[in-house]
Amino acid sequence: MANENGLLRELTALRRGWGLEAERLRSRLGPLVSGWCEIHRTTSDRDARRVLREAVSAAIAEFPDDDRLAVNVALGIAPGAQHALLSARIGVLADELRVSERTARRRVDRSFARLAAEIEAGARPGVALDPREGWFVKRLKVLVRLDTAEPQVTEERLIVATRDGLDRISAQFTVPRTEDGRDGERDVAVDARHGVRIGAGTRDGQRHFRWLLDLPRALSRGDSHTYSLEYRIRDGLPIRPSYVFVPLVTCESFEVRVRFDPCRPPRVVWRLDRVPPSVLADPPQPGEPLPLDGACEVAQEFAAPQLGYAHGLRWLAEDNS
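Enquirer: Give me the lowdown on the sheet that holds strand E11 (residues 297-303), citing residues and values where you can.
Expert: Across a sheet, strands are paired by hydrogen bonds formed along the backbone, either parallel or antiparallel in direction. In spatial order, the strands read E4-E7-E2-E1-E9-E11; together these six strands make up an open sheet with mixed pairing. On the outer flanks of this sheet lie strand E4 (188-194) and E11, each paired with one strand and no other. Neighbour to neighbour, the strand axes of the sheet diverge by 15° on average, direction disregarded. Bridge count between strand E1 (residues 135-145) and strand E9 (residues 253-259): six bridges; the pairing is parallel.

Below is the structure:
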């Protein structure tokens, strides 16, 4: 909870004054927000502003509409919210929500508390909040199996340490809401295939899961290490017909392969590349169809997937109309 409280203080400070439109933005960022977005990799306030917008957008993508609006207005991201004072932006939010300014301010406070909790719970796969405990993903390879009794996702990551003595990392897994929104509480099991031992696990709400992973040896800065985890969705409930990766930490390459059940092949499969996460909950709009190979599989590669955007595959099930 110490990290979360510290993060909330930094996020609260960030919404003061001009918010993300402030001059010398990078100098106003606390160490936890800077570590979350890897602001040290940016070269200007303009880049830092872009990275922050993308990271915040991804973290709040599945918030209720009013909570997303509260965060975007308070930070000065929403159109028409570029005011020099937070109090003026609170007035804009009150008008939008048709509530009192006091109620609007409470909405902002609640939404920022949820944002801090979302980040702390692992909204950024593969990175610790504390910038002193850093690592990034050099390569991510994912196999999604839909030809088994329960959906299985195998992820293999090649990571690179950005500090000395790195001996523990974290992993997170989210089961997205189904398109009809009736998925309920999810049940996910995780196994270590190789390269790590799984420690304590937590869940945040019905669909978000996080585990601590112990490395077999401490890594020094620049060392690389490969590990693999297998997730199984055991609840028997429907899943959203897609697999996407939204990098909020540097990832140099990403490859995904989906193996479909040959008895229930999809009607169509298409690639998602640099898609805003908020769009994923919209009705599907199929792109250029991708053919299934002889193993009833589709694979795609993504070089340097962009921070804050979704990359992966989406499909229409056989019985969709």
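Let's pick the thread back up.
Enquirer: Pulling in residues and values, what's your account of unusual backbone geometry?
Expert: Residue Arg 274 is not a glycine yet carries a positive backbone phi of 55°. By the element assignment, Arg 274 lies in strand E10 (residues 268-275). Residue classification places Arg 274 among the partly exposed residues on the basis of a relative accessible area of 44%. Positive phi, close to 60°, is recorded for Cys 296, a residue that is not glycine. Relative to the helices and strands, Cys 296 is located in the loop between E10 and E11.

Enquirer: Provide a residue-level description of the pairing of strand E5 (residues 197-204), including the pertinent values.
Expert: Where E5 meets strand E6 (residues 208-219), six bridges bridge the pair, whose relative direction is antiparallel. The partner of Thr 202 across the bridge, within E6, is Arg 210.

Enquirer: Explain the pairing of E1 to me, using residue names and the numbers behind them.
Expert: Here 10 bridges tie E1 to strand E2 (residues 152-161), and the two strands are oriented antiparallel to one another. Looking across to E2, one finds that Leu 143 is bridged to Thr 154. Hairpin connection of E1 to E2: six residues between the antiparallel strands.

Enquirer: Describe the sheet that holds strand E3 (residues 166-174), naming the residues involved and giving the relevant values.
Expert: Strand order in this open sheet of three strands is E3-E6-E5, and the pairing throughout is antiparallel. The sheet is open, and its two edges are formed by E3 and E5, each paired on a single side. Adjacent strand axes in the sheet meet at a mean angle of 25° when their direction is disregarded.

Enquirer: I'd like a rundown of the packing of aromatic side chains, residues and numbers included.
Expert: Under the definition given, this model contains six aromatic pairs. Ring centres of Phe 173 and Tyr 231 lie 4.3 Å apart, and the angle between their planes is 20°; this geometry places the pair in the stacked category. With a gap of 58 residues between them, Phe 173 in strand E3 and Tyr 231 in strand E7 (residues 224-233) connect regions that are remote in the sequence. Classification of Phe 173 by relative accessible area gives buried; the value is 7%. Relative to Phe 254, the ring of Phe 245 lies with its centre 5.0 Å away and its plane at 55°, an arrangement referred to as tilted.

Enquirer: Report on the pattern of salt bridges, specifying residues and quantitative values.
Expert: Two side chains carrying opposite charge are able to pair once their charged atoms lie near each other. Here the structure, examined in full by the defined rule, presents 23 salt bridges. Glu 155 serves as the salt-bridge partner of Arg 157, at 2.7 Å between the closest nitrogen and oxygen. An identical accessibility class is assigned to Arg 157 and Glu 155; each is buried. Residues Glu 297 and Arg 259 are paired through a salt bridge, measuring 2.6 Å at the closest nitrogen-oxygen approach. One end of the pair, Glu 297, is in strand E11; the other, Arg 259, is in strand E9, and 38 residues separate them in sequence. On the basis of relative accessibility, which here comes to 11%, the residue Glu 297 falls in the buried class.

Quick notes on the rules
- Residues numbered from 1 in each chain as written.
- Predicted model: local features only at pLDDT ≥ 70, side-chain atom pairs only at ≥ 80, totals over all residues.
- Heavy atoms only, no water.
- Pairing = 2+ DSSP bridges.
- Helix = DSSP H or I, 4+ residues; strand = E, 2+ residues; numbered from the N terminus.
- Axes fitted to C-alpha atoms, helices over the stretch in contact; angles between N-to-C directions.
- Buried < 20%, exposed > 50% of the residue type's maximum accessible area, 1.4 Å probe, protein only.
- Phe/Tyr/Trp six-rings, centres within 6.5 Å; stacked < 30°, edge-to-face > 60°.
- Salt bridge = Lys/Arg side-chain N within 4 Å of Asp/Glu carboxyl O.

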